[in-house]
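Breakdown of the fold
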Amino acid sequence: IGSDIQEVVGSAIALNLLSNQAIPVWAGCIITGLDTLTFLAVQVLGIRYLEGLICLFIGAMSACFILNWGHAPPTGDRLLVGWAVPAMQAWAVTQAVGTIGAVIMPHNLYLHSGLVLSRRVRHGSRQALHDAIWYSRIESAGALLLAFLVNLAVVATNAGSFYNADCAALLGGPFACLTPEAFNRSSDPGQQGQGQPCSLPGRAEPASGRCGALGLQAEGFALQGVLGPAALYVWAAGLLAAAQASTMACTYAGQIIMGGCVHIQLRPWKRVAITRLAALGPALLVSTATISEQSLFNNINEYLNVLQSVQLPFAMLPVLHFAASPALLGEFRSSSVYLGFTVLLAMLVIAVNVYLIVSFLQDPDLGSVGLTAAACVYALFYFAVCLRMVWSDVAGMARCAGLCGRADSMASGAPQPAGGGDGTSAFTASAFTASAFTASA
């Protein structure tokens, strides 16, 4: 629902920009809600047609964002340095974690798992199963790589056009350095930290701007002031295509979760209607409540991304657990090298989330004992759920520890306690246990 709120409101903002503000954001939310009929019409034709339509939207989105990137001031040297020497300022942690949630999205793990079932595979052929697994890996990795490149295009465009260190470090930020025209059309001068004078980056001649929040709507006005009038419509078209593709993918993921996880078997049109209505109400509420206060919507959008990132362990741990299970996959289980690499990546994502939550709870401006206590209670519950999902791996690690202890005792000539066990899942168990423990924060 949180992801669908972003997509519905994002489509509404795109329609607002494309119509020169003739279509209000709240009306755009209703129009976007009605595109469920398009989703249903395409789904009736088959899953391949739906995938083709989503790919068409993704192609249009990529072309628009990369086009703006090509006209933005160059950031090649700084981009390469950022890849080679990863570093992050304290004010950028929330945005970085939110980007992880926006790129991966926990419901997309269920979506890719559900799409595997739509592939025609000769289950009696060992080679055909191996090929299907590899093609599935390539498909998932390719989707994430494309999402990374699209986000890179947006971030690099903004970095070259609007980044100012003084604006980013302001209290209440981070903010971007906008042209005065873009600031007057999109920012809230009364908000803390906004309106400070700044020097616009990437200009051949020095130019002054003002520090302001850069959200979905402000992005169009800001690009228009830097790259020209067409940049606003290119951004809006890309935003609309991105929101439509994500809306359809999110709706289909909701159907897969309802049918495969919750075991709610409904007709497709009923499932689509339920998932769409569940998001349309909150989306209308958000759009109407923030129509005159863009900073509030930007914060809501940012924390919805963070929420998706925090929820990633709930979707990642079962996937890694099943991929490592010989009982379920037999010879098709992930190799030790591949599994170790994916577990390390999962632990990295979890560690970043833990750091964000701890930093958030230690914020002196938070000032709420009740909120801190509620977060701790939720953390304990979340830890219990994650631990339950990987309990067999934890038990396997315990058995392995017992065997290793007896082996050391035998090597030293010490007497052995009675008992037995097999340590077949030692490596996987230790990795999963560390992931579950880290997620408890």
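Look up: the structure comes first, before these words.
Residues numbered from 1 in each chain as written. Predicted model: local features only at pLDDT ≥ 70, side-chain atom pairs only at ≥ 80, totals over all residues. Heavy atoms only, no water.

With that out of the way, let us pick up the packing of aromatic side chains. Tallied over the full model, the rule gives three aromatic pairs. Summarising the aromatic geometry, the rings of Y378 and Y382 are spaced 5.7 Å apart at their centres and angled 15° between planes, so their arrangement reads as stacked. Placement of both Y378 and Y382 in helix α18 (residues 369-389) is noted, with a separation of four residues, approximately one turn of the helix. The ring of W134 carries the charged tip of R137 above its face, separated from the ring centre by 5.0 Å. The cationic tip of R137 hangs over the ring face of Y338; the distance from NZ or CZ to the ring centre is 4.1 Å. (Phe/Tyr/Trp six-rings, centres within 6.5 Å; stacked < 30°, edge-to-face > 60°. Helix = DSSP H or I, 4+ residues; strand = E, 2+ residues; numbered from the N terminus. Lys NZ or Arg CZ within 6 Å of the ring centre and 35° of its normal.)

Moving on: the sheet that holds strand β1 (residues 176-178). One open sheet accounts for three strands, arranged β1-β3-β2; its pairing is antiparallel. Single-partner strands in this sheet number two, and they are β1 and β2 (197-199). Between one strand and the next, the sheet's axes are offset by a mean angle of 55°, whatever the strand orientation. With three bridges connecting them, β2 and strand β3 (residues 208-212) associate as antiparallel partners. Bridging across to β3, S199 finds its partner in S208. (Pairing = 2+ DSSP bridges. Axes fitted to C-alpha atoms, helices over the stretch in contact; angles between N-to-C directions.)

By the secondary structure assignment, Q244 is in helix α12 (residues 229-261). In contact with Q244, other than residues within four places in its own chain, are S11, T32, D35 and F57. (Contact = heavy atoms within 4.5 Å.)

You can see F383 is positioned in helix α18. Considering only alpha carbons, one finds F383 and F314, 69 residues apart in sequence, at a separation of 9.9 Å.

Right, let's talk about the pattern of salt bridges for a bit. Pairs can form between side chains of opposite charge once their charged atoms are near each other. Applying the stated rule across the entire model yields one salt bridge. For R126, the salt bridge goes to E331, with nearest N and O atoms at 2.6 Å. Here E331 lies in the loop between α16 (326-329) and α17 (336-361) and R126 lies in helix α8 (residues 126-162), a separation of 205 residues in the sequence. Exposure remark for E331: the relative accessible area of 48% places this residue in the partly exposed category. (Salt bridge = Lys/Arg side-chain N within 4 Å of Asp/Glu carboxyl O. Buried < 20%, exposed > 50% of the residue type's maximum accessible area, 1.4 Å probe, protein only.)

The subject of this paragraph is the layout of surface pockets. Quantified by volume, the second largest pocket comes out at close to 630 Å³. I1, G2, H107, G254 and I257 are the residues nearest the centre of the second largest pocket, which is lined by 23 residues in total. Taken together, the elements giving at least two residues each to the lining of the second largest pocket come down to α1 (2-18), α7 (106-116), α12, α13 (268-289), α14 (294-310) and α15 (312-323). At seven residues, the largest contribution of residues to the lining of the second largest pocket is made by α12. Of the residues assigned to the lining of the second largest pocket, the class counts are 14 nonpolar, eight polar and one charged. (1 Å grid on protein atoms, 1.4 Å probe; cavity = no way out; pocket = protein on both sides within 12 Å on 5 of 7 lines; lining within 4 Å. Points joined across faces, edges and corners; volume = space filled by probe spheres on them. Nonpolar A, V, L, I, M, F, W, Y, C, P; charged D, E, K, R; others polar.)

Turning to the pairing of β3, a few remarks are in order. Two elements, β1 and β3, share three bridges in a ladder whose sense is antiparallel. Bridging from a neighbouring strand, L178 pairs with R210 of β3.

Of note in this structure, N20 is not a glycine but carries a positive phi near 55°. A positive phi angle, near 70°, is found at Q21, a position not held by glycine. By the secondary structure assignment, Q21 is in the loop between α1 and α2 (25-34). Q21 sits in the partly exposed class, given a relative accessible area of 36%.

Summed over the entire model, instances satisfying the criterion amount to two cavities of 30 Å³ or more. Roughly 40 Å³ of internal volume is contained in the second largest cavity. Lining the second largest cavity are F65, N68, A153, V154, T157, N158, E219, L223 and W235. For the lining of the second largest cavity, the elements supplying multiple residues, two or more each, are α4 (47-71), α8 and α11 (216-227). At four residues, α8 tops the list of elements feeding residues into the lining of the second largest cavity. Among the residues forming the lining of the second largest cavity, the class breakdown is five nonpolar, three polar and one charged.

V9, I13, L17, F65, L178 and W235 are the most contacted members of the largest nonpolar core, which totals 36 residues. Considering each element in turn, this core owes the most residues, eight residues, to α12. Look past the residues within four positions of L17 in its chain and what remains in contact with it is L216, Q217, F221, L232, Y233, W235 and A236. Core analysis: the second largest hydrophobic core is formed by 13 residues, V42, I54, L111 and A245 among them. (Core = buried A, V, L, I, M, F, W, Y, C linked by side-chain atoms within 4.5 Å.)

Attention shifts here to the side chain of T32. Tracing the backbone shows T32 in helix α2. Among the polar contacts listed, one links the side chain of T32 to the backbone oxygen of G28, at a separation of 2.8 Å. (Polar contact = N/O pair within 3.5 Å; in protein donor to acceptor, adjacent residues only side chain to side chain.)

For the coordinates displayed, the defined rule picks out two disulfides. One disulfide in the model links C167 with C211; its S-S distance is 1.9 Å. An S-S torsion of about -65° defines the bridge between C167 and C211 as left-handed. With C167 in helix α9 (residues 165-168) and C211 in strand β3, this residue pair connects regions lying 44 residues apart in the sequence. According to the relative accessible area criterion, C167 is buried, its value standing at 0%. A relative accessible area of 2% places C211 in the buried class. Note that C177 is cross-linked by a disulfide to C198, the S-S spacing being 2.1 Å. Its S-S torsion of approximately 95° makes the covalent link between C177 and C198 right-handed. (Disulfide = S-S within 2.5 Å.)

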